[in-house]
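Below are the chains, spelled out letter by letter.
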Amino acid sequence: MQDRLSQILQAIWEPEFRDCSFGFRPGRSAHDALRGVAEVITNERTQWVVEADIKGFLDHVSHAHLLRFLEHRIADPNLLRIIQRFLKAGIMEDGVFTAGVEGTPQGGLVSPVLSNIYLHYVLDLWFEERFARRCAGKAYLIRYADDYVACFEHEADARAFLEAMAARLAQFALEVEPRKTALLAFGSAMLGRRAEYEGPRTFSFLGFTHYVGRSRRGRFVVGRKTDGKRFRKKLTALNTRLCALRTEGGNAMVAFLVRHLRGHIQYYGVSGNSGWLSSYVYFATRLLFKWLNRRSQKPSLNWTQFDAYIGRWLPKTRILHDLYPVPWWKTQTGSRIA
């Protein structure tokens, strides 16, 4: 029932959602959001970036505000009552029931679209229709679920956004996560001038650390690499999983790692991240080698045997997503690339 309700809400609000929203929408992905960030920073004179994250968003969505937003497009009281029942259903954890007085159903199929609707009114419309129009320079927002990045041409606009954003979220029972919110100088002006700026030099978005980079011809590019914390966390979880699979046999361990690496390469195989991608495959392979040799008191195989029988089945690293935007100077009238 939640799945059908999600489809209904998606059909109603999809024409209303703004282009700055990428999360949990048909035809849009996290890679599209990453490509959008690179496009804005590279071609729209961005020099300042605000990275932000909402503290415990799914747990603090106000039911009263959400129902008011839904009433903008839904007049059927029966449908609204069904949604309200889902919101108040609560959760059962370790045999203890907790009533839902705020937030959206954890793991519910309808939660992503409800979250998008909430932030559509709280953040997207407010930023594009009110805040960006008052800025002295260009201003853009890129949001994926409750993780978003705001890009500005002028520092004053970026600092004003930090203050206005906190006040705006407070009106709807939300607050920013201070450890994941920062203002930093980020753009083409940073090339050769990094020593002049204090504060953070990189920002994290959707599992990638973004930094100021140079192309082979010395031009500014948005560099990306796997976020270090995410990198270590995934390896730790993989180590635990492979250890637990020892009782199921070596074939199960190899099959699991093949699936795991395919998924990792599919997401993190983006332009500029080949070094970190290869490092992850290298360490993951060593973890498999370690746990295969700890299934008994004697080592089961050496590296030569591993490469001959198992290594050839493991997926190879490759770049699957080109996220570098076409520079603005290549698309102008009279340029060689139209």
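Nothing here was measured: the structure is a model prediction, and the numbers come from that model.

Colleague: Could you clarify how one ought to interpret the overall build of the protein chain in this entry?
Modeller: Within the protein chain, the regular secondary structure consists of 10 helices and nine strands. By principal-axis analysis of the C-alpha atoms, the protein chain measures approximately 65 × 60 × 40 Å. In the protein chain, buried positions account for 47% of the 338 residues. Long-range contacts, defined here as pairs at least 24 residues apart, represent 66% of the contacts in the protein chain between residues at least 6 apart. If you sum the accessible surface of the protein chain, you get close to 18,300 Å²; carbon and sulfur atoms cover 51% of it.

Colleague: What's the story with the pattern of salt bridges in this structure? I'm lost.
Modeller: Pairs can form between side chains of opposite charge whenever their charged atoms are close. Taken as a whole, this structure holds 13 salt bridges when the rule is applied. A salt bridge links Asp3 to Arg4, with the nearest nitrogen and oxygen atoms 2.5 Å apart. In this structure, Glu153 and Arg45 form a salt bridge, with 3.4 Å as the shortest nitrogen-oxygen distance. One end of the pair, Glu153, is in the loop between β5 (147-152) and α6 (155-170); the other, Arg45, is in the loop between α2 (30-43) and β1 (48-53), and 108 residues separate them in sequence. Overall, the relative accessible area of 18% leaves Glu153 in the buried class. Here the residues in one salt-bridge network are Arg18, Glu128, Glu129 and Arg133, joined through shared partners.

Colleague: Explain the layout of surface pockets here, please?
Modeller: Any space left empty among the atoms is revealed by the rolling of a water-sized probe across them. The calculated volume of the largest pocket comes to roughly 820 Å³. Along the wall of the largest pocket there are 25 residues; nearest its centre are Asp147, Lys180, Ser204, Asp227 and Arg230. Ranked by the residues each element gives to the lining of the largest pocket, the list is headed by helix α7 (residues 228-244), at five residues. Split by residue class, the lining of the largest pocket holds eight nonpolar, five polar and 12 charged.

Colleague: I would appreciate a short explanation of the side chain of Thr181 in the present structure.
Modeller: Looking at the secondary structure, you find Thr181 in the loop between α6 and β6 (182-185). A distance of 2.8 Å separates the side chain of Thr181 from the backbone oxygen of Glu177, its partner in a polar contact. Apart from the residues within four sequence positions on either side, Thr181 is in contact with Glu51, Ala52, Asp53, Leu162, Met165 and Val176.

Colleague: Would you take a moment to explain the sheet that holds β1 for this structure?
Modeller: The pairing of strands in a sheet comes from backbone hydrogen bonds and takes either a parallel or an antiparallel form. Taken together, the four strands give an open sheet; going across it, the order is β4-β5-β1-β6, and neighbouring strands pair in antiparallel fashion. The outermost strands of the open sheet, each flanked by one partner alone, are β4 (139-144) and β6. Within the sheet, the average angular offset between the axes of one strand and its neighbour, ignoring direction, is 15 degrees. Two elements, β1 and β5, share six bridges in a ladder whose sense is antiparallel. Bridge pairing in β5 places Glu51 opposite Val149. The strands touched by α2 are β1, β4 and β5; relative to β4, the strand with the most contacts, the crossing angle is about 165 degrees. Here helix α5 (residues 111-134) sits on the sheet in contact with β4 and β5, set at roughly 170 degrees to β4.

Colleague: Quick question: what am I supposed to make of the packing of helix α3 (residues 63-70) against helix α4 (residues 77-87) here?
Modeller: How two helices pack is summed up by the angle between their axes together with the distance between the axes. Their axes nearest at 11 Å, the elements α3 and α4 cross at an angle of 155 degrees. Classified by the angle between their axes, α3 and α4 sit roughly antiparallel to one another. Seen from above, α3 lies across α4 with right-handed handedness. Listed contacts from α4 to His63, Leu66, Leu67 and Leu70 of α3 are Leu80, Ile83, Gln84 and Leu87. Here the contact of α3 with α4 is composed, by residue class, of six nonpolar, two polar and no charged.

Colleague: Help me understand the sheet that holds strand β7 (residues 203-205), please; the structure alone is not making it clear to me.
Modeller: Taken in spatial order, the three strands make up an open sheet running β7-β8-β9, and their pairing is antiparallel. Across the chains shown, the open sheet's two edge strands, defined by having one partner strand only, are β7 and β9 (220-226). The average undirected angle you get between the axes of adjacent strands in this sheet is 45 degrees. Note: β7 against strand β8 (residues 208-214), three bridges, orientation antiparallel. Bridging from a neighbouring strand, Phe203 pairs with His210 of β8. Packed on one face of the sheet, α2 meets β7, β8 and β9 and runs near 150 degrees to β9.

Colleague: So what exactly am I meant to see when it comes to the pairing of β1 here?
Modeller: The side chains of a regular strand alternate, first on one face of the sheet and then on the other. The buried fraction of β1 amounts to six of the six residues, a majority that puts the element mostly inside the structure. The alternating pattern of β1 places Trp48, Val50 and Ala52 on one face and Val49, Glu51 and Asp53 on the opposite face, and all of these are buried. Note that β1 and β6 share four bridges and pair antiparallel. By the bridge assignment, Val50 is partnered in β6 with Leu183.

The rules behind each value
Residues numbered from 1 in each chain as written. Predicted model: local features only at pLDDT ≥ 70, side-chain atom pairs only at ≥ 80, totals over all residues. Heavy atoms only, no water. Helix = DSSP H or I, 4+ residues; strand = E, 2+ residues; numbered from the N terminus. Buried < 20%, exposed > 50% of the residue type's maximum accessible area, 1.4 Å probe, protein only. Contact = heavy atoms within 4.5 Å. Areas by Shrake-Rupley, 256 points an atom, 1.4 Å probe, with all protein chains shown as cover. Salt bridge = Lys/Arg side-chain N within 4 Å of Asp/Glu carboxyl O. 1 Å grid on protein atoms, 1.4 Å probe; cavity = no way out; pocket = protein on both sides within 12 Å on 5 of 7 lines; lining within 4 Å. Points joined across faces, edges and corners; volume = space filled by probe spheres on them. Nonpolar A, V, L, I, M, F, W, Y, C, P; charged D, E, K, R; others polar. Polar contact = N/O pair within 3.5 Å; in protein donor to acceptor, adjacent residues only side chain to side chain. Pairing = 2+ DSSP bridges. Axes fitted to C-alpha atoms, helices over the stretch in contact; angles between N-to-C directions. Parallel < 35°, antiparallel > 145°, perpendicular 65-115°, else oblique. Left-handed = near helix turned anticlockwise from the far one by under 90°.

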